Amino acid sequence: MKKFLVVLTMLIGLFLTGAVTYAADVNRVTDIETAQTQNMDNPPIIQADKKRFDIFTLTYTLEGNVWIQHKTRSVKADYASYNLAAQEVKAKGHIHFADGDFKVACDELSVNIKQNTAVLAGHVTFDRGTTKVTSDGGSFNWESRKAVFEGNVSITENGRSRNADKITYDLQTEQFN
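Residues numbered from 1 in each chain as written. Predicted model: local features only at pLDDT ≥ 70, side-chain atom pairs only at ≥ 80, totals over all residues. Heavy atoms only, no water.

Novice: Is there a simple way to think about the overall build of the protein in this case?
Specialist: Broken down by element type, the protein carries 2 helices and 12 strands. Secondary structure of the protein in N-to-C order comes out as α-β-α-β-β-β-β-β-β-β-β-β-β-β. Relative to its full complement of 177 residues, the protein shows a buried share of 36%. Within the protein, counting contacts between residues at least 6 apart in sequence, those at least 24 apart form 29% of the total. As displayed, the protein offers around 10,600 Å² of accessible surface, 53% of which is attributable to carbon and sulfur atoms. (Helix = DSSP H or I, 4+ residues; strand = E, 2+ residues; numbered from the N terminus. Buried < 20%, exposed > 50% of the residue type's maximum accessible area, 1.4 Å probe, protein only. Contact = heavy atoms within 4.5 Å. Areas by Shrake-Rupley, 256 points an atom, 1.4 Å probe, with all protein chains shown as cover.)

This is the structure in structure tokens:
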């Protein structure tokens, strides 16, 4: 009986150790099932060359040719993490972000899906038809449909250029403030 309890304790210890360090490595697989278990209406599509998923934090760690699409929004990057519980995406390296009629390129991106916000950093380039903006950083709010650009801001609109330290662009009215 004592021997049985020792073996059982060892097995439980091995199981718990394995469970704590568990992360699935998946190569180039689209994972919709996990998001569906979160009862999301529109689950995200997640792809990457290397993908790890931590079952305890509900976080994907993605590396190489990262692509995440949720509704009309898509992110392409070199590296990213996506927390399903918090619905937060953090991406780095050669980022290309698109949502409907506008595109953004930058070095770093943080998107909070629940709060409908995004923060952009490093060599930001915003493109919406004849309106183009470059800056050091910025943010976007989907509810207000306003983008704020800060640091070395350069605006080109209908062929005319100007500079500013900080500017707000309203995507609904297509006006700068």
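Now that the structure is up, let's keep going.
Novice: Hey, could you run me through the environment of Ala147 in this one?
Specialist: Relative to the assigned elements, Ala147 resides in strand β10 (residues 146-157). Since its relative accessible area comes to 3%, Ala147 is described here as buried. Separated by 21 residues in the primary sequence, Ala147 and Thr168 place their C-alpha atoms 5.6 Å from one another. Excluding anything up to four places from it in sequence, Ala147 contacts Ser139, Phe140, Ile167, Thr168, Tyr169 and Leu171.

Novice: Sorry, what's going on with the nonpolar core here?
Specialist: Proteins that are soluble and globular tend to have nonpolar side chains buried together. Leu109 and Phe149 are the most contacted members of the largest nonpolar core, which totals 37 residues. Elements supplying a minimum of two residues to this core: β4 (59-70), β5 (73-83), β6 (88-99), β7 (102-112), β8 (117-128), β9 (131-141), β10 and β11 (160-170). Of the residues forming this core, the biggest block, 5 residues, is contributed by β7. (Core = buried A, V, L, I, M, F, W, Y, C linked by side-chain atoms within 4.5 Å.)

Novice: What exactly am I supposed to notice about the packing of aromatic side chains here?
Specialist: We describe a pair of aromatic rings using the distance from one ring centre to the other and the angle between the two ring planes. Taken as a whole, this structure holds 9 aromatic pairs when the rule is applied. Here the aromatic rings of Phe97 and Phe102 are separated by 6.4 Å at their centres, their planes lie at 50 degrees, and the arrangement is tilted. For the pair formed by Phe97 and Phe102, the shared burial category is buried. Seen from their ring centres, Phe140 and Trp142 are 4.9 Å apart, and the 85 degrees between their planes marks the pair as edge-to-face. Across this residue pair, the class does not change: Phe140 and Trp142 are buried. Counting every residue linked through ring pairs, the aromatic cluster contains Phe97, Phe102, Phe126, Phe140, Trp142, Phe149, Tyr169 and Phe176. (Phe/Tyr/Trp six-rings, centres within 6.5 Å; stacked < 30°, edge-to-face > 60°.)

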